[in-house]
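Each chain, letter by letter, is given below.
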Amino acid sequence: MQVPLLDLTLQYRGIAAEVMPELHTIIEEQRFILGPVVDRFEREMEAYLGVRHAVGCASGTDAILLALRAFDCGRNDEVVTSPFTFFATAGAIHNVGARPVFADILPGSFNLDPAAAEAAVTDRTRVVMPVHLFGQMADMPAFRALADRHGIALLEDAAQAIGARQRVDGEWITTGTLGDACAFSFFPTKNLGAFGDAGMTVAKDDATAERLRKLRVHGGRQMYHHEEVGYNSRLDSLQAAVLSAKLPHLKGWSDARRRNAAFYDQALAGIGGIQTPVVGEDHESIYNQYTLRVRDGRRDALGDFLRERGVGSGVYYPVPLHLQECFAYLGYREGQFPESERACHEVLSLPVFPELTQAQLEYVAESVRAFFGE
């Protein structure tokens, strides 16, 4: 049996009849950049998330970069974030001229540790950026309190967590509601994915949203009039149409991922060599990834074993950001963030996409158990 880590062709077959007519209309009208289709998708996202402003852009990376610029984050500023995340989180910080400052993660959720993040705050810190990794929100009340105590901006990196929820004071909140801004990625492999690169930044206040809209179009409200130097980071109509068609399906897809994850949790329980994902009692993950911890240095061997049996898996991420060659100038050393480094040696993600069959789920679980002699 073959079980890929992800198969987007199955998702496409289920929505092709909804997506293709809209794409044909856009092509017939030749209106490709921003415009009414993008406006509609932005309003739909505002309603879905319960936020005031949603501003589409060219990628999830740009969604972070534009937010940092909207907070006037630049030279001599610092941004506190996680070293255990995709490169774009820290790359965007560097590319606005600021300095990434890393703090370690919590071993259960893989998310940034609020206490460690606060210890990294200095008088140069302008932004703290927790990452909602693998589909589970970071401890947003703690980060909101941290940002308020220090008078800094709170930017959520929700590239992997659209629709994830956390219960705060008895009520469920979702990504984008407690931060001053929140960045989303619609890369094709995300739970809500475009047919190419696309992203979005949501903002709480009118001024930030207006700045984001300027920055995505070369820094001007009016064509050929530029108040500042911005970027070419416009969301195109074709991608917005795809995302608009997919959005009504997102809850169902996320529910299916949770069901698949619950099956793995039960089927893999009791295996001494692994730890299944830890989801907090007051959290609802969307499982962008279902990520095991594989102990005793056996992660790569398990991945090889699964590949031989036709099961896809992935390592997110093999090298923490503080040990990446391009960030050597920051002066971090091996051993400085032990939880992040340990995670890089232990994590292995299994297929969890919504269209998996029961037979495929059982085969994946059986294969993992077989490796450990269960």
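These figures come from a predicted structure and were not determined experimentally. (Residues numbered from 1 in each chain as written. Predicted model: local features only at pLDDT ≥ 70, side-chain atom pairs only at ≥ 80, totals over all residues. Heavy atoms only, no water.)

Let's talk about the pairing of strand S1 (residues 53–57)
Note the following rule: Exposure is judged per residue with a 1.4 Å probe applied to protein chains only, and the accessible area is read against the type maximum: over 50% gives exposed, under 20% gives buried, and values in between give partly exposed. We count a stretch as a helix when DSSP gives it H or I for four or more residues in a row; a strand needs E for two or more, and each element gets its number in order from the N terminus. A pair of strands counts as paired when DSSP detects no fewer than two bridges linking them.
Most of S1 is tucked away: five of the five residues are buried. A two-sided burial pattern is seen for S1, the buried positions comprising His53, Val55 and Cys57 on one face and Ala54 and Gly56 on the other. Inspection of the sheet shows S1 paired to strand S9 (residues 199–203) by five bridges, in the antiparallel sense. Among the inter-strand pairings, glycine 56 is bridged to a residue of S9, identified as methionine 200.

Re helix H10 (residues 299–308)
Spelled out, the test is: To be clear, the arc concerns the directions from the helix axis to the C-beta atoms. Whether two residues touch is decided by their heavy atoms; if any such pair falls within 4.5 Å, the residues are in contact.
Looking at H10, one finds that the buried residues are Arg299, Leu302, Gly303 and Leu306. Taken end-on, H10 shows its buried residues confined to a sector of 100°, consistent with a single buried face. In the core, the buried residues of H10 are packed alongside strand S12 (290–294), helix H11 (338–346), strand S13 (347–350) and helix H12 (358–371). Looking one or two residues beyond H10, the residue adopting positive phi is glycine 310, at roughly 85°.

Looking at H12
The condition that has to hold: Take the residue count of a helix, subtract one, and multiply by 1.5 Å to get its expected span.
Taking 1.5 Å of rise per residue, 14 residues should cover 20 Å, and H12 covers 20 Å from first to last C-alpha, within 8% of that figure. For H12, the complete set of buried residues consists of Gln360, Leu361, Tyr363, Val364, Ala365, Ser367, Val368 and Phe371. Looking at the buried residues of H12, the elements they touch are helix H9 (250–267), strand S10 (274–275), H10 and S13. Positive phi appears at glycine 373, one or two residues downstream of H12, with a value of about 70°.

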